[in-house]
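Read off the chains here:
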There are 2 protein chains.
Amino acid sequence: MREAATVENRPYHHGDLRRALVDAARRILENEGPSALSLRAVAREAGVSPAAPYHHFKDKGELLEAVAFVGWDALGEAMTAAKERTPDLGARMTEIGVAYVQFSQAHPALYRVMYDCSRDKDELPEGLQDKEDSAYCQVRETFRAFAGPEVADVDIELATIAAWCAAHGLAEMNSFKQFDPLKQGLGGEEGFLRAVLSHLGMFPAARAKANGPG
Amino acid sequence: MREAATVENRPYHHGDLRRALVDAARRILENEGPSALSLRAVAREAGVSPAAPYHHFKDKGELLEAVAFVGWDALGEAMTAAKERTPDLGARMTEIGVAYVQFSQAHPALYRVMYDCSRDKDELPEGLQDKEDSAYCQVRETFRAFAGPEVADVDIELATIAAWCAAHGLAEMNSFKQFDPLKQGLGGEEGFLRAVLSHLGMFPAARAKANGPG
DNA sequence: AAGATCATCTTGACGCCGTTCAGATCGGTG
DNA sequence: CACCGATCTGAACGGCGTCAAGATGATCTT
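What you are looking at is a predicted structure, and each value in this text was computed from that prediction instead of being measured.

About the criteria used
Residues numbered from 1 in each chain as written. Chains lettered and ligands numbered in written order. Predicted model: local features only at pLDDT ≥ 70, side-chain atom pairs only at ≥ 80, totals over all residues. Heavy atoms only, no water. Helix = DSSP H or I, 4+ residues; strand = E, 2+ residues; numbered from the N terminus. Contact = heavy atoms within 4.5 Å. Phe/Tyr/Trp six-rings, centres within 6.5 Å; stacked < 30°, edge-to-face > 60°. Buried < 20%, exposed > 50% of the residue type's maximum accessible area, 1.4 Å probe, protein only. pLDDT = per-residue confidence, 0-100.

This next bit is on the environment of Glu62(B). Residue and element names in this part refer to chain B. Looking at the element boundaries, glutamate 62 is found in helix 3 (residues 60-84). For the pair formed by glutamate 62 and cysteine 117, sequence separation is 55 residues and the distance between their alpha carbons is 9.2 Å. Excluding residues that lie within four positions of it along the chain, glutamate 62 makes contacts with His56 and Phe57.

The subject of this paragraph is the packing of aromatic side chains. Taken as a whole, this structure holds 16 aromatic pairs over all chains when the rule is applied. Taking the centre distance of 5.7 Å and the plane angle of 80° together, the rings of Tyr100(B) and Trp164(B) count as edge-to-face. Placement of the pair is Tyr100(B) in helix 4 (residues 89-106) and Trp164(B) in helix 7 (residues 153-173), with a sequence separation of 64 residues. On the basis of relative accessibility, which here comes to 2%, the residue Tyr100(B) falls in the buried class. The rings of Trp72(A), Tyr100(A), Tyr111(A), Tyr115(A), Tyr136(A), Trp164(A), Phe176(B), Phe179(B) and Phe192(B) are connected pair by pair, giving a single aromatic cluster.

We now examine the environment of Asn31(B). Residue and element names in this part refer to chain B. Of note, asparagine 31 is situated in helix 1 (residues 17-32). Given a relative accessible area of 63%, asparagine 31 falls into the exposed group. Along the backbone, asparagine 31 and alanine 109 are 78 residues apart, and their C-alpha atoms lie at a distance of 9.4 Å.

Moving on, we come to the confidence of the model for chain A. Residues and elements named next belong to chain A. Residues with a pLDDT of 70 or more make up 86% of chain A, whose mean pLDDT is 87. Taken element by element, chain A is modelled with least confidence in helix 10 (residues 204-211), mean pLDDT 47, and with most confidence in helix 2 (residues 39-46), mean pLDDT 98. Scored below 50 in pLDDT, residues 1-8 makes six contacts in the model with residues more than four places away or belonging to other chains. Across residues 201-208, confidence stays below pLDDT 50; counting only partners more than four residues off in sequence or on other chains, it has 28 contacts.

See the structure below:
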């Protein structure tokens, strides 16, 4: 009885359960939020027993890491798109930041999982910083292009970190009710994001440049 | 049998269980971290049954809110102390930010509970923004004093929000391993914090001022 | 083609969790 | 003193993460 091994027409061995579990987790995150994301729920959603995931992930945390990895990939693409559609170097950082926060707003539960994983391991996800075209490197190169070659490497690095911190902070606080009145006066969410982010992430040399020689 | 109602010499009615539970929760947070903070563990630590907390808190979330409230209070005091020990207006914001991040570093589990509660309710804790001497108002007044009266209210507000986002972001990312090499070149943790925060939270008018007329 | 091997999946169990409810206890009010 | 309402206990429920033992079937060997 090769077919119909269970009630549905699913064979005993799934074939690609690892991917199916990650997809199921993402579906639950989008539809029911992070609090509903239990390992058992993921297994249920994927149509397997509660113990099945343990043949593909060491524990729940490792499954979440796989979900987070997909998320960082998508966020990186959104940032790249923002960079490429903004040729003006002075505006590019802000636009990348807006794309960052908008991603976190479009996928709040996923973003939460992404950062919770990073916090648990006390590091940004590997691959985000190492690869040449990684999101982190793109931000750094944007600063470098704007600042010019006379700015020290350490300042470029600091500016990148500062911008990242600011974007993350805003991503987590953007939905706070206290900001609503201010948003109305700034043309809605996007105007608010642009206004806040334009205050951030510029290092001293770039500041002087932005403010002009006078 | 008024005394020795249980094995210990504790009366049947605790007397101040609400406070005892909050203290127990803080003890667990400090000693075992956020993952160990179950409602049952708190009750155990306080020496009562698992159901006892429900006479003082609607659910686990409400207990955590009480813990968070204590945390925000302590953080506010740390920020006030930093403000008062830094008369120079140009350096004051950075020093308040350093105090903020250092608090989150000294009490990481507590800080996590504080922000998780805020995120669940989509608002900064009440009382943090309303009171005249609240932490938020102190930051805003610091910006106002530095910027002078000619800067628009909305810019002061944006700068305050931007600075808060940056401090929160840095608080959550400060322990990331990737920053370690950079910290070594900047005089350790505190030098790193000061360097990053000096990049942040300044609004355009203040930037111009900071960079001088030339 | 037949049998052995091994990864994959299920079943059932364990202890912990948050929460609820009926009942025990006790301080304060009439 | 008798009562009442607030407080606390004990037992229970379903859900959770995880593990061990056994069932299943794809693949490799001969």
